[in-house]
Amino acid sequence: MGEVVGPRLYSCCNCGNHVALHDDVISKAFQGRHGRAFLFSHAMNVNVGPKEDRHLMTGLHTVADVYCCDCREVLGWKYERAYEETQKYKEGKFILEKSRIVKENW
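Rules of the game
Residues numbered from 1 in each chain as written. Predicted model: local features only at pLDDT ≥ 70, side-chain atom pairs only at ≥ 80, totals over all residues. Heavy atoms only, no water. UniProt positions renumbered as here; feature names shortened; annotations may be inferred. Helix = DSSP H or I, 4+ residues; strand = E, 2+ residues; numbered from the N terminus. Pairing = 2+ DSSP bridges. Axes fitted to C-alpha atoms, helices over the stretch in contact; angles between N-to-C directions.

The protein chain appears in an unreviewed UniProt entry as Protein yippee-like from Vitis rotundifolia. Regarding the protein chain, the relevant UniProt record gives this comment under Sequence similarities (unreviewed entry): "Belongs to the yippee family."

As structure tokens, then:
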């Protein structure tokens, strides 16, 4: 077997664009619009859409959809603001839906 070279990545399920590093996963226990989702400290090669308030499972948040910068697939969202004190840790972090990303270099 060959050695894996480079970091473990997550890529866009549609075009293969690298969008996140495995080392940036904070939690795999989140819920997205289409099922399970991961919370990341950073994302790359994505565009962030306009901010909007959404009522999520954990309360009211200001979020912005996150799109692959190559194919424009919606991958999840970015938490811009959390209104409840217990949810403030999410601010500036990214939700990427498991169904929208694939593992690479594993």
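Turning next to the UniProt feature "domain: Yippee" (unreviewed entry) in the protein chain. Annotation from UniProt places "domain: Yippee" (unreviewed entry) at residues 8-105. As annotated, residues 8-105 comprises 0% helix and 61% strand, and the C-alpha atoms at either end are separated by 5 Å.

For the rest of this paragraph, the subject is the pairing of strand S3 (residues 25-32). The pairing of S3 with strand S4 (residues 35-40) spans 5 bridges and is antiparallel. Within S4, the residue paired with glycine 32 across the bridge is glycine 35. Between the end of S3 and the start of S4, which pair antiparallel, lie 2 residues.

This paragraph deals with unusual backbone geometry. The phi angle at asparagine 45 is positive, at roughly 55 degrees, despite the residue not being glycine. Positive phi is not limited to glycine here, since arginine 72 has a value of about 70 degrees. Relative to the assigned elements, arginine 72 resides in the loop between strand S6 (59-68) and strand S7 (74-82).

Moving on to the sheet that holds strand S1 (residues 9-12). Strands sit in the order S2-S1-S9 across an open sheet of 3 strands; the sheet is antiparallel. Sheet topology places strand S2 (18-21) and strand S9 (101-104) at the edges, where each strand pairs with a single neighbour. Along the sheet, successive strands turn relative to each other by an average axial angle of 35 degrees, direction set aside. As paired elements, S1 and S2 share 3 bridges and run antiparallel to each other. By the bridge assignment, leucine 9 is partnered in S2 with leucine 21.

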